Amino acid sequence: MEDYLNYTLNVLKSRNYVNLTIVLGNESCDLDSAVSSLVYATFLHWQHQKMKCKVCTRNKRDESTYKDDIFVSLLDVDRQDLPLKTEVAFCFKGHGLRENFLLFRDDIDLKNLVEEGKINIVLVDHHVLSKKYEFLSPYVTEIIDHRPIDRNNWSYKDDVRSTIEIVGSCCTLVTQRIQDLSALMNRGDFFDDYEMCADLLHSVILLDTVNFSKEVNKATPHDKDKVEFLENILKPSDCMEERKLKVQRLVEARSDVELLNAAQLLRKDVKILGDVLIPSFPILVEVYLRKPEALKAVSEALSQRNCTVALLLGMDLTGVLRRDGAIISDDAEKVELFSKILQEWSSPCLQLSPEENSDCFFFKQLNLSASRKQYIAPVNEFLNNCN
């Protein structure tokens, strides 16, 4: 994989290509998003190299003037903030993926690339573009996502290829897509050439489903099927033990945030919808709020991101699963409206249990299977009520 990453980055810098395809993960850049982007871009490169041999004769072309298509993974996080994504940094390091071979959002000017030449965008682990990327909508050619489809924000061409299914991990759908396209090609097996990708996908599906935990209740039969498919490739000596160890190591890495301050934690895993800032923590919100200057950090983050409301979501997986959250804003009416919508939401019911807190609307979340994805619909309802 290092050869592929080095090659594509060098060609991208030199602009010596015909077509550029960028596989873009979501703005939280969690492990599911990062691995989905990296593995699918690698596959598209492999597929292109296999298929083009039918229409070109490598030994007859002039390599000094020849231009090819390139496929690049873009991690939607600033390069300096990769250490904040503790599980991403841990996983990539463990697989020998060096930071200097990865492409981050502050490494390139996407608007400039769009103006310069032909570009295709593949979205993975999301299908609603953030405001800063709305200009990319005409260039989206494929979408792979595991969220409920949002038709209100669907602005793509009619021929966009979409794989959207509610499963535990986007990596499940990436695995399926690679499996299907490889079978159609009949030109070798991608996972034979890139076994590391099989291991990355396997790890993430297990993490996202917490090893098929019934308590978390995120796994689907499709997730289980793809894990077993990948295990047939990886051939671990003890599948059950391997699953347990992988999840344990990744959960520990994700929760290793003791050295991060309050402002850094807000950047670790954050999504923005309208003017609502939604950071997700690998610790409980009640623990976050005890950090020095936590409320000041939230206030500054709201100002910097042009947001008026913050919805903090916390989770503790180190023992018995616990979830909690808080709504913070200078606008008391918005807090009241937002808290009412969340408490009354029924699809699914979030089962919020409010608790006394003088600084914010704080709650325990009793529906332990509801993650940030389940908050998107009520957040949109809140935004519609505010407009």
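The following refers to the structure shown. Owing to the predicted nature of the structure, the values given are computational and were not obtained by experimental measurement.

Looking only at helices and strands, the chain features 14 helices and 11 strands. Taken against the 2.2 N^0.38 rule, which gives 21 Å for 387 residues, the C-alpha radius of gyration of the chain at 21 Å falls within 12% of a compact globule. In terms of its C-alpha atoms, the chain occupies a principal-axis envelope of roughly 75 × 50 × 40 Å. By residue count, 56% of the 387 residues in the chain fall in the buried class. Long-range contacts, defined as pairs at least 24 residues apart, comprise 69% of the intrachain contacts of the chain with a sequence gap of at least 6. Total accessible area on the chain stands at roughly 18,100 Å², and carbon and sulfur atoms take up 47% of it. Here the chain contributes 48 positively and 61 negatively charged side chains, and the mean placements of these two sets differ by 4 Å.

This part is about the pattern of salt bridges. Taken as a whole and judged by the stated rule, the model has 22 salt bridges. Several salt bridges share partner residues, and in doing so they unite D76, D78, R105 and K132 into one network.

Looking now at helix α12 (residues 294-304). Those residues of α12 that fall on the buried side of the exposure criterion are A294, A297, V298, A301 and L302. Seen along its axis, α12 keeps its buried residues to an arc of 135 degrees; they face one direction. Set apart from the buried face of α12 by more than 90 degrees, the exposed residues are S303 and Q304. In the core, the buried residues of α12 are packed alongside α10 (262-268), β7 (276-281), α11 (285-288), β8 (309-316) and β9 (322-328). Just past α12, the residue N306 takes up positive phi, approximately 55 degrees.

A cis amide bond, omega 0 degrees, links S347 with the succeeding residue P348. Relative to the assigned elements, P348 resides in the loop between α13 (332-344) and β10 (352-355). One non-glycine residue with positive phi stands out, namely N306, at about 55 degrees. You can see N306 is positioned in the loop between α12 and β8. By relative accessible area, which is 67% here, N306 ends up exposed.

Tracing the sequence through the fold places H126 in the loop between β3 (119-124) and β4 (140-145). Within the local environment of H126, its side chain forms a polar contact with the backbone oxygen of V124, the two atoms lying 2.9 Å apart. With residues up to four places along the chain from it excluded, the contact list for H126 reads L24, G25, N26, I143, I144, D145 and R147.

Bringing the side chain of D76 into the picture now. Along the chain, D76 turns up in the loop between β2 (68-74) and α3 (86-94). Taking relative accessible area as the criterion, D76 reaches 3% and is therefore assigned buried. Here the side chain of D76 touches Y133 through a polar contact of 2.9 Å, side chain to side chain. The contacts of D76, once residues within four sequence positions are left out, are L24, G25, N26, E27, C29, R105, K132 and Y133.

For the rest of this paragraph, the subject is a negative patch on the surface. Residues D330, D331, E333 and E336 make up a contiguous surface patch of negative charge. For D331, a relative accessible area of 32% gives the class partly exposed.

Attention shifts here to the pairing of strand β1 (residues 17-24). Burial within β1 is extensive, with 7 of its 8 residues counted as buried. Across 6 bridges, the pairing between β1 and β2 is parallel. Each bridged residue has a counterpart across the sheet, and for I22 the counterpart in β2 is V72. As paired elements, β1 and β3 share 5 bridges and run parallel to each other. Directly across from I22, in β3, lies its bridge partner I121.

The rules behind the values
Residues numbered from 1 in each chain as written. Predicted model: local features only at pLDDT ≥ 70, side-chain atom pairs only at ≥ 80, totals over all residues. Heavy atoms only, no water. Helix = DSSP H or I, 4+ residues; strand = E, 2+ residues; numbered from the N terminus. Rg over C-alpha atoms; globule rule 2.2 N^0.38 Å. Buried < 20%, exposed > 50% of the residue type's maximum accessible area, 1.4 Å probe, protein only. Contact = heavy atoms within 4.5 Å. Areas by Shrake-Rupley, 256 points an atom, 1.4 Å probe, with all protein chains shown as cover. Lys, Arg positive; Asp, Glu negative; His and termini not counted. Charge placed at Lys NZ, Arg CZ, Asp CG, Glu CD. Salt bridge = Lys/Arg side-chain N within 4 Å of Asp/Glu carboxyl O. Arc of directions from axis to C-beta. Polar contact = N/O pair within 3.5 Å; in protein donor to acceptor, adjacent residues only side chain to side chain. Patch = residues over 30% accessible without salt bridge, like charges linked within 9 Å, V, L, I, M, F, W, Y side chains within 5 Å. Pairing = 2+ DSSP bridges.

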